[in-house]
Amino acid sequence: MKKHLKAAAVLAALALTAGIFSGCGGNSENESSSTPAAASADEISQSDESFEASADSFVEESSEDVTPVISPDSVSETESSTQDSESSESSKTESSGETSFASMTESEAIEASVSGYQFDDEQIVSDYHTAETFTDNDFFNDLFKDNALDKAFIEETKQANSTSDMLNLTAEYAAKWGDKAEAAYSTLKDELDKENAKKLEQSQKQWRSGLNDQEAAFRAEATGVEGSDAALSAQTAIMNYYKERAAKLLEQLYVKNGSIELSDYGL
């Protein structure tokens, strides 16, 4: 009897155990059937958000790093536009009269002067006692500074042994420059039209009539220098006054004709 009860107890225990395991297996299936699905949905959502963030980041980086590609045609158009702009500015400058002789070549300056020639008797020397430049025409000045009369004067000063010698020499060359001025005047007058010839004639008469007064003024200016040096300073100014007149008239011939040979005038 005890054996039968023991066997029944064993069977009951086995059945209970089987039921417990069976119940656990059912819950496990339910959890496994629902949990993976939920996890997959969350992962998909997170994946979508991650993709959108990556896409935004890519757009921002691309907008900063991408260098525009310029075609040869666009480069050509840009250069052409720049050249047109520069040409336009250049035209504006020329049309406004801002172009100066300093920016021209010698031939361009001469052509511009010749085409609009008018006799000009402007005096530019500020100090005849020390004058070295006698016109405002740089091209002519470069030619004139090598004239033969100045070279001869310099050579003769080397032979002068006293202030008296220098005074006589300077007076001699003042007269020579006076002769050159008169020769240049005669040549220029013959080449000018009536209007400009009349201006030149009036200018020359005025210059001649003022010679005595001008020489006296030079001597008065030199009185601040003591002794014989005052006389030499005054005589140098007188010589340069005659020289300036010759230079101015020769410069007018140069401008009018576009060239000049100083040797034709003994220079």
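See the structure above.
Enquirer: Quick rundown of the packing of aromatic side chains? Include the residues and the values.
Expert: What the rule picks out here adds up to nine aromatic pairs. Ring geometry for F218 against Y241: centres 5.7 Å apart, planes inclined by 70°, an arrangement best described as edge-to-face. Taken together, the residues F218 in helix 8 (residues 211-221) and Y241 in helix 9 (residues 228-257) connect sequence positions 23 residues apart. Judged by its relative accessible area of 2%, F218 is buried. Counting every residue linked through ring pairs, the aromatic cluster contains Y128, W207, F218, Y241 and Y242. For the cation-ring pair, K176 lies above Y173, with the distance from its terminal atom to the ring centre recorded as 4.3 Å. Positioned over the ring face of Y185 is R208, at 5.2 Å from the centre of the ring.

Enquirer: Could you give me a rundown of helix 6 (residues 163-191), with the residues and numbers involved?
Expert: Spanning 29 residues, helix 6 covers 42 Å between terminal C-alpha atoms, matching the ideal 42 Å at 1.5 Å per step. Within helix 6 the residues assigned to the buried category are M166, L169, T170, Y173, A174, W177, G178, A181, A184, Y185 and L188.

Enquirer: Let's hear about a negative patch on the surface: which residues, and what values?
Expert: A surface patch of negative charge is lined by D120, E122, D136 and D138. Position of D138 relative to the elements: it lies in helix 4 (residues 138-144).

Enquirer: Account for the nonpolar core, with residues named and values stated.
Expert: Grouped together as the largest cluster of nonpolar side chains are 40 residues, with contacts concentrated most on F144, W177, L188, L250 and L267. Those elements that place two or more of their residues in this core are helix 4, helix 5 (148-157), helix 6, helix 7 (194-209), helix 8 and helix 9. Per-element accounting of this core gives the leading share, 12 residues, to helix 9.

Enquirer: I'd love a proper account of the pattern of salt bridges, names of residues and values included.
Expert: Applying the stated criterion across every chain, the model contains 11 salt bridges. The salt bridge partner of K145 is D142, with a shortest N-O separation of 4.0 Å. Residue classification places D142 among the partly exposed residues on the basis of a relative accessible area of 45%. For E195, the salt bridge is made with K199, and the minimal N-O distance between the two is 4.0 Å. Of the two residues, E195 and K199 both sit in helix 7, four residues apart, roughly one turn of that helix. Beyond isolated ion pairs, a larger network of salt bridges with shared partners links K189, E201 and K205.

Enquirer: Pulling in residues and values, what's your account of the packing of helix 6 against helix 7?
Expert: Where helix 6 contacts helix 7, the axes come no closer than 10 Å and their chain directions differ by 160°. Regarding the angle of helix 6 to helix 7, the classification is roughly antiparallel. For the pair helix 6 and helix 7, the sense of crossing is left-handed. Of the residues in helix 7, those in contact with A181, E182, Y185, L188 and K189 of helix 6 are A197, L200, E201, Q204, W207 and R208. A class-by-class count of the residues in the contact of helix 6 with helix 7 yields six nonpolar, one polar and four charged.

Enquirer: Outline the packing of helix 5 against helix 6, listing residues and values.
Expert: Two elements in contact, helix 5 and helix 6, have axes whose closest approach is 11 Å; the angle formed by their N-to-C orientations is 170°. With respect to helix 6, the element helix 5 is oriented roughly antiparallel. Within the contact between the two elements, helix 5 uses L149, D150, A152, F153, E156 and T157 and helix 6 uses M166, L169, T170, Y173, K176, W177 and K180. In terms of residue class, the contact of helix 5 with helix 6 is built from seven nonpolar, two polar and four charged.

Enquirer: Give a description of the side chain of N137 that names residues and reports values.
Expert: Residue placement: N137 occurs in the loop between helix 3 (106-115) and helix 4. Its relative accessible area of 14% is what places N137 among the buried residues. Among the polar contacts made by the side chain of N137, one reaches the side chain of E251 at a distance of 3.4 Å. Residues in contact with N137, not counting those within four places in the same chain, are E251, Y254 and V255.

Criteria and thresholds
- Residues numbered from 1 in each chain as written.
- Predicted model: local features only at pLDDT ≥ 70, side-chain atom pairs only at ≥ 80, totals over all residues.
- Heavy atoms only, no water.
- Phe/Tyr/Trp six-rings, centres within 6.5 Å; stacked < 30°, edge-to-face > 60°.
- Helix = DSSP H or I, 4+ residues; strand = E, 2+ residues; numbered from the N terminus.
- Buried < 20%, exposed > 50% of the residue type's maximum accessible area, 1.4 Å probe, protein only.
- Lys NZ or Arg CZ within 6 Å of the ring centre and 35° of its normal.
- Expected span 1.5 Å × (residues − 1).
- Patch = residues over 30% accessible without salt bridge, like charges linked within 9 Å, V, L, I, M, F, W, Y side chains within 5 Å.
- Areas by Shrake-Rupley, 256 points an atom, 1.4 Å probe, with all protein chains shown as cover.
- Salt bridge = Lys/Arg side-chain N within 4 Å of Asp/Glu carboxyl O.
- Lys, Arg positive; Asp, Glu negative; His and termini not counted.
- Charge placed at Lys NZ, Arg CZ, Asp CG, Glu CD.
- Core = buried A, V, L, I, M, F, W, Y, C linked by side-chain atoms within 4.5 Å.
- Axes fitted to C-alpha atoms, helices over the stretch in contact; angles between N-to-C directions.
- Parallel < 35°, antiparallel > 145°, perpendicular 65-115°, else oblique.
- Left-handed = near helix turned anticlockwise from the far one by under 90°.
- Contact = heavy atoms within 4.5 Å.
- Nonpolar A, V, L, I, M, F, W, Y, C, P; charged D, E, K, R; others polar.
- Polar contact = N/O pair within 3.5 Å; in protein donor to acceptor, adjacent residues only side chain to side chain.

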